[in-house]
Amino acid sequence: MAKFYCEYCGQSYSSVHLLAQSVCPKNPNGGRNHKLYEGSEKSQYTCKYCGHQYSSLRLMAGSICPKNPNGGKNHSPML
Ligand SMILES: [Zn+2]
Ligand SMILES: [Zn+2]
């Protein structure tokens, strides 16, 4: 079954609808909801800012990006 991941926090949902309706604890843009990660599922996710690699979006979301240019604190996965 397909899984849909939040780009910010790595939480997975069984439908896009559910994901979009739930509150994201890590949304850096002042919004409250999760944002769909539109890339494919991978064995390694690379941060587009610093190039760090993580084995899951969840792990990536759990650490701070030293190069995030938006004043946010989190890594952001490349698609
Ligand atoms: Zn989220
Ligand atoms: Zn990063």
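The sections below set out a description of the structure shown in this document. (Residues numbered from 1 in each chain as written. Chains lettered and ligands numbered in written order. Predicted model: local features only at pLDDT ≥ 70, side-chain atom pairs only at ≥ 80, totals over all residues. Heavy atoms only, no water.)

## Description of empty space enclosed by the protein
1) Next: For the structure on display, the rule yields one cavity of 30 Å³ or more.
2) Next: Put simply, the largest cavity is a space of about 30 Å³.
3) Next: In this structure, the largest cavity is lined by E7, Y8, L57, M60, A61, H75, S76 and P77.
4) Next: Partitioning the lining of the largest cavity into residue classes produces five nonpolar, two polar and one charged. (1 Å grid on protein atoms, 1.4 Å probe; cavity = no way out; pocket = protein on both sides within 12 Å on 5 of 7 lines; lining within 4 Å. Points joined across faces, edges and corners; volume = space filled by probe spheres on them. Nonpolar A, V, L, I, M, F, W, Y, C, P; charged D, E, K, R; others polar.)

## A look at the coordination of the zinc ion (ligand 1)
1) Next: At the metal site, the zinc ion (ligand 1) is ligated by C6 (SG), C9 (SG), C24 (SG) and H34 (ND1), and these contacts range over 2.0 to 2.3 Å.
2) Next: The coordination sphere of the zinc ion (ligand 1) comprises four donor atoms, whose angles at the metal cover 102 to 118 degrees; the geometry is tetrahedral.
3) Next: All donor residues of the zinc ion (ligand 1) come from one chain, and their arrangement in sequence is C-x2-C-x14-C-x9-H.
4) Next: For C9, a relative accessible area of 9% gives the class buried. (Donors = N, O, S within 2.8 Å, 3.2 Å for Na, K, Ca; no water. Tetrahedral: all angles 85-135°; square planar, octahedral: opposite > 155°, others 65-115°. Buried < 20%, exposed > 50% of the residue type's maximum accessible area, 1.4 Å probe, protein only.)

## Concerning the side chain of E7
1) Next: With respect to the helices and strands, the residue E7 is situated in the loop between β1 (4-5) and β2 (12-13).
2) Next: Within the structure, E7 has its side chain in polar contact with the side chain of S76 (distance 3.4 Å).
3) Next: The residues contacting E7, other than those within four sequence positions of it, are K35, L36, Y37, S76 and P77. (Helix = DSSP H or I, 4+ residues; strand = E, 2+ residues; numbered from the N terminus. Polar contact = N/O pair within 3.5 Å; in protein donor to acceptor, adjacent residues only side chain to side chain. Contact = heavy atoms within 4.5 Å.)

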